[in-house]
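What the coordinates show
The primary structure of each chain is shown beneath.
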Amino acid sequence: MRSALARFAKSYGSSPGHLLLMLAGFALVAAVIATMKPTSLWNANSWWQSIAVWFVVAVIAHDLIAFPVYALADRILTRSTRRIRPAGVPTINYVRLPAMAAALTFLVFLPGIIEQGGPAYQAATGQTQEPFLARWLWLTASFFAVSAVAFGVRVLLVRLRGPGQGFR
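Note on numbering: residues in each chain are counted from 1, in written sequence order. Confidence filtering applies because this is a predicted model: local features only for residues at pLDDT of at least 70, side-chain atom pairs given and counted only at 80 or more, and all residues used for totals across whole chains, interfaces and linings. Derived side-chain values reflect all non-hydrogen atoms in the structure, with water molecules and hydrogen atoms excluded from consideration.

Take the packing of helix 4 (residues 92-113) against helix 6 (residues 131-161) next. Relative orientation and spacing of two packed helices are given, respectively, by the angle between their axes and the distance between those axes. Look at helix 4 against helix 6: their axes get within 10 Å of each other, and the N-to-C directions meet at 170 degrees. Taken as axis vectors, helix 4 and helix 6 run roughly antiparallel relative to one another. Residues Tyr94, Val95, Pro98, Ala99, Ala101, Ala102, Thr105, Phe106, Phe109, Gly112 and Ile113 of helix 4 pack against Phe132, Leu133, Trp136, Leu139, Thr140, Phe143, Phe144, Ser147, Ala150, Phe151 and Arg154 of helix 6. Along the lines of polarity and charge, the residues of the contact of helix 4 with helix 6 split into 17 nonpolar, 4 polar and 1 charged. Lines fitted to C-alpha atoms define the axes, with helix axes restricted to the stretch in contact, and inter-axis angles between N-to-C directions lie between 0 and 180 degrees. A helix here means a DSSP run of H or I that spans at least four residues, while a strand means a run of E at least two residues long, and both kinds are numbered starting from the N terminus. Angular relationships are summarised with four words: roughly parallel below 35 degrees, roughly antiparallel beyond 145, roughly perpendicular across 65 to 115, and oblique for the angles in between. Any pair of residues with heavy atoms lying within 4.5 Å of one another is described as a contacting pair. Residues were grouped as follows: Ala, Val, Leu, Ile, Met, Phe, Trp, Tyr, Cys and Pro as nonpolar; Asp, Glu, Lys and Arg as charged; and all remaining residues, including Gly, as polar.

Below, the discussion takes up the pattern of salt bridges. A side chain with one charge can pair with a side chain of the opposite charge if their charged atoms come near. For this document, the term salt bridge refers to a Lys or Arg side-chain nitrogen within 4 Å of an Asp or Glu carboxyl oxygen. Within the structure shown, the criterion is met by 1 salt bridge. Between Arg96 and Asp74 there is a salt bridge, with its nearest N and O atoms 2.9 Å apart. One end of the pair, Arg96, is in helix 4; the other, Asp74, is in helix 3 (residues 51-81), and 22 residues separate them in sequence. With a relative accessible area of 32%, Arg96 lands in the partly exposed category. Note on Asp74: relative accessible area 27%, which makes it partly exposed. Accessible area is worked out with a 1.4 Å probe on protein chains only. A residue is then buried under 20% of its type maximum, exposed over 50%, and partly exposed in between.

Before going further, it helps to examine a nonpolar patch on the surface. A cluster of nonpolar side chains, namely Phe55, Val56, Val59, Ile60, Leu64, Ile65 and Val69, defines an oily patch on the protein surface of about 700 Å² accessible area. With respect to the element layout, Phe55 can be found in helix 3. Each patch is built from residues that are more than 30% exposed by relative accessible area and take part in no salt bridge. Like charges join if they lie within 9 Å; nonpolar side chains (Val, Leu, Ile, Met, Phe, Trp, Tyr) join within 5 Å. Note on areas: Shrake-Rupley with a 1.4 Å probe; residue coverage comes only from the protein chains shown.

Moving on, we get to the confidence of the model for the protein. Across the protein, the average pLDDT comes to 85, with 91% of residues at or above 70. Within the protein, the element-level pLDDT minimum falls on helix 1 (residues 2-12), averaging 84, and the maximum on helix 6, averaging 92. By definition, pLDDT measures how confident the predictor is in each residue, and it falls between 0 and 100.

Our focus in this paragraph is unusual backbone geometry. For Glu115, which is not glycine, the phi dihedral falls at a positive 55 degrees. Secondary-structure assignment places Glu115 in the loop between helix 4 and helix 5 (118-125). Classification of Glu115 by relative accessible area gives partly exposed; the value is 43%.

All right, on to the packing of aromatic side chains then. For Phe, Tyr and Trp, where Trp contributes only its six-membered ring, two rings pair if their centres lie within 6.5 Å, and the inter-plane angle classes them as stacked under 30 degrees, edge-to-face over 60, or tilted in between. One pass over the full model with this rule turns up 5 aromatic pairs. Aromatic pair Phe106 and Trp136: ring centres 5.0 Å apart, planes at 55 degrees, arrangement tilted. One end of the pair, Phe106, is in helix 4; the other, Trp136, is in helix 6, with 30 residues separating them in the sequence. Exposure remark for Phe106: the relative accessible area of 30% places this residue in the partly exposed category. A residue is classified by how much of its surface remains accessible, and Trp136, at 16% relative accessible area, is buried.

Now for the packing of helix 1 against helix 2 (residues 16-36). For the pair helix 1 and helix 2, interaxial distance at closest approach is 9 Å and the crossing angle is 55 degrees. Taken together, the axes of helix 1 and helix 2 lie oblique to each other. Note on element contacts: helix 2 touches helix 1 through Pro16, His18, Leu19 and Met22, opposite Leu5, Phe8 and Tyr12.

Next comes the structure, spelled out in structure tokens:
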């Protein structure tokens, strides 16, 4: 059995679980397209509001703009955090995780932060979008604060237990 799995992994390039997951993902995409009907992905009256156009733009914007930017930022962060390792605890993930959470929440709440659609939002909720920026900043600060506390606890545990005795 192991030799068959090893041959499969060598010829396919990954495990059978990966293949099953990829097939399930493609089946899900096919089911969504069949349910939505391809005509609902394209708006002939205003083409720029079509789901297909936004999907292509999102893929291009991510692959050609966003990915190189955050890969460069991560490389700079990785190089700069190697020098400040207290007690043998790597700092990279304690900066990377809250930064990623802040970026994702910024993207999710961007229309509210820049007050796009203010009249419609106020008509629907009776509130303004003014607090969105402040709330996002507080949320970002809390992400970094929780990460700093977790880093402090990890450094303290490593110092109490000795090097090499921390969490595995």
